[in-house]
Amino acid sequence: LLDSLLQEKIFKNTMMQTLTLGKCQDDTISSLATDVIFIFDCEAQAAAGVQMEVKAHKQILALASKVFEREFYGISWGLIRDSDFTQIETIEEGNVDVQIEDASFEDFQVMVNFIYKKQIDWSTYDLKFLISLYNLAENYDIEDLTTRIIISIYTFWLGKKKNYSMPFSIFKPDQRVNKDNVMQVASLALAYSHFPELSETLYDVGAVGLKQLFKRIFDTVLDFFAETDITVPHAVVLHKMMTKMNDVISHECDNCGQCPCLNGQGLTRENFVCGARVTWLEDGGHSKIDRLIAIEKGSVDQFIGCMKDGSYLTNLSLKPSHYCYQCF
C-alpha cells in the first residue's frame, strides 16, 4: 500500500511539472480537450449577454486538489460530498458544467491559472483580493497556492522574504500600509484568525506600518491614537501589532524610512521625510543644512530645516536642485 501511495505521489508531481499546462486550456491549440466548465453568475455580464466561465480538465484539477479529486473521482459519480459546487445534482463522467456561487470569477480564474502554471503578476493584487484568494485556496486544499499568497504579501507589502526561496522584490509605494489603512489590515488579521499563518502575516504587515509611522516623532503616536476610534476589536489588534513591532524586521532605510532608499535623490514635496538627513547642492542649497523638520505651513515650495549647529532655519527652498537625501 505504501509503495502504491508513493508511486501515485511521484506520478502526480511528474505530471504537474512536465505538462505544458498553460496551453491545455485553449481548445483551439490543444488536442487535450477541456471536460469541465465552471460557470459564474454575474449580473453585469448577464445583462450584456456574456457568460463568465472557466474551462479546465478534471484530471489536472484533481492532481492539484484533493477536493477536486474527491468530487470528480470519488466513491460515487452521483454523490457530491462536502462540495462547493451548487445547482447540479450529480457530477457525471464526461463533460460537465458546474455552477459556482460561493466564489468570484476573478478568484477562481487566478486559482485555476495557478494550477495550470500560468504566469501571474502577484504585485498587481491588493490585500483584499489576496485574502479572498487565500480563503478559496484553503477551501480547495491547495497548499502551494496558500504558500504563494503568503510569499506575495511578505514580498510586495513588507519588501522582504519570509524563509522561502523566492527572489527579493520591493513593494510598490501604493501598497504601503499607512495610518489610513493600518486598522483595516489589522481587522482583517483578526477576522481571519482561523487561518493562523495568514493572520500572523497580516499582523506583521500592520506592525511594520506602525513601526515606520511611529519611529520618527512621538507626537505621531499620540496623533494616531487620538484619531483612531478605540473599539474593543481595535484595542485587541492594536495590542497585537504593538507587541510585534520589536520582532518584525524592516528593510526601510534608517534615515529616510523608505524602501528603496532615497539616498542621492533630490528633495521634493512628495518625498519629504521629517527628521531625515539631507545635504545641499551647489545650485542653491544652504551649506549648513543637516535635517528636515517640516514643510512650511501654507507653502508648497519652502520648508524648515535643522542646521548642523542645532538651530532651525525657515523659508528654505524645497527644490530637488537644492537638496538631496544623504542616507549613507
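## Digging into the environment of L136
At step 1: Topologically, L136 is positioned in helix 7 (residues 127-139).
At step 2: For L136, a relative accessible area of 6% corresponds to the buried category.
At step 3: Sequence separation between L136 and A103 is 33 residues, and the spatial gap between their C-alpha atoms is 7.3 Å.

## Observations regarding the pattern of salt bridges
At step 1: On inspection of all chains with the given rule, the structure shows three salt bridges.
At step 2: With a closest N to O distance of 3.6 Å, R277 and D290 form a salt bridge. Residue R277 is found in the loop between helix 12 (232-244) and strand 5 (278-280), and its partner D290 is found in strand 6 (residues 289-295); the two are separated by 13 residues along the sequence.
At step 3: You can call D290 buried: its relative accessible area is 18%.

## Notes on the pairing of strand 8 (residues 312-317)
At step 1: Bridge count for strand 7 (residues 302-307) against strand 8 is four bridges, and the pairing is antiparallel. Following the sheet pairing, G305 is matched in strand 8 by L313.
At step 2: Connecting the antiparallel pair strand 7 and strand 8 is a turn made up of four residues, with G310 showing a positive phi of about 95°.

## Remarks on helix 7
At step 1: Relative to the 18 Å expected for 13 residues at 1.5 Å per residue, helix 7 spans 18 Å between its end C-alpha atoms, a close match to the ideal helical length.
At step 2: All buried positions along helix 7 are accounted for by L127, F129, L130, I131, L133, Y134, L136 and A137.
At step 3: Immediately downstream of helix 7, the backbone of D141 shows phi near 55°, a positive value.

## A look at the nonpolar core
At step 1: Residues F38 and F108 are the most contacted members of the largest nonpolar core, which totals 57 residues.
At step 2: Tallying contributions element by element places helix 7 first for this core, with eight residues.
At step 3: Those residues in contact with F108 that lie beyond four places of it in its chain are F38, F40, V54, F68, I100, A103, L136 and Y140.
At step 4: Judged by nonpolar contacts, the second largest core, of 17 residues, contains C253, C256, A276 and L318.

## Comments concerning the sheet that holds strand 6
At step 1: Read from one edge of the open sheet, three strands run 6-7-8, paired in antiparallel fashion. Whereas interior strands pair on both sides, the edge strands pair on one side only; in this sheet they are strand 6 and strand 8. Neighbour to neighbour, the strand axes of the sheet diverge by 40° on average, direction disregarded.
At step 2: Of the strand pairs in this sheet, strand 6 and strand 7 are connected by five bridges, and their pairing is antiparallel. Across the sheet, A294 pairs through a bridge with I304, a residue of strand 7.

## Side note on the packing of helix 6 (residues 105-115) against helix 7
At step 1: Direction vectors running N to C along helix 6 and helix 7 enclose 65°, while the axes themselves pass 10 Å from each other. The angle between the axes of helix 6 and helix 7 places the two elements in the roughly perpendicular class. Pair helix 6 / helix 7 crosses with right-handed handedness. Two secondary-structure elements touch here, helix 6 through E106, D107, F108, V110 and M111 and helix 7 through F129, S132, L133 and L136.
At step 2: Its residues placed into classes, the contact of helix 6 with helix 7 shows six nonpolar, one polar and two charged.

Rules and cut-offs
Residues numbered from 1 in each chain as written. Predicted model: local features only at pLDDT ≥ 70, side-chain atom pairs only at ≥ 80, totals over all residues. Heavy atoms only, no water. Helix = DSSP H or I, 4+ residues; strand = E, 2+ residues; numbered from the N terminus. Buried < 20%, exposed > 50% of the residue type's maximum accessible area, 1.4 Å probe, protein only. Salt bridge = Lys/Arg side-chain N within 4 Å of Asp/Glu carboxyl O. Pairing = 2+ DSSP bridges. Expected span 1.5 Å × (residues − 1). Core = buried A, V, L, I, M, F, W, Y, C linked by side-chain atoms within 4.5 Å. Contact = heavy atoms within 4.5 Å. Axes fitted to C-alpha atoms, helices over the stretch in contact; angles between N-to-C directions. Parallel < 35°, antiparallel > 145°, perpendicular 65-115°, else oblique. Left-handed = near helix turned anticlockwise from the far one by under 90°. Nonpolar A, V, L, I, M, F, W, Y, C, P; charged D, E, K, R; others polar.

These figures capture arrangement, not role.
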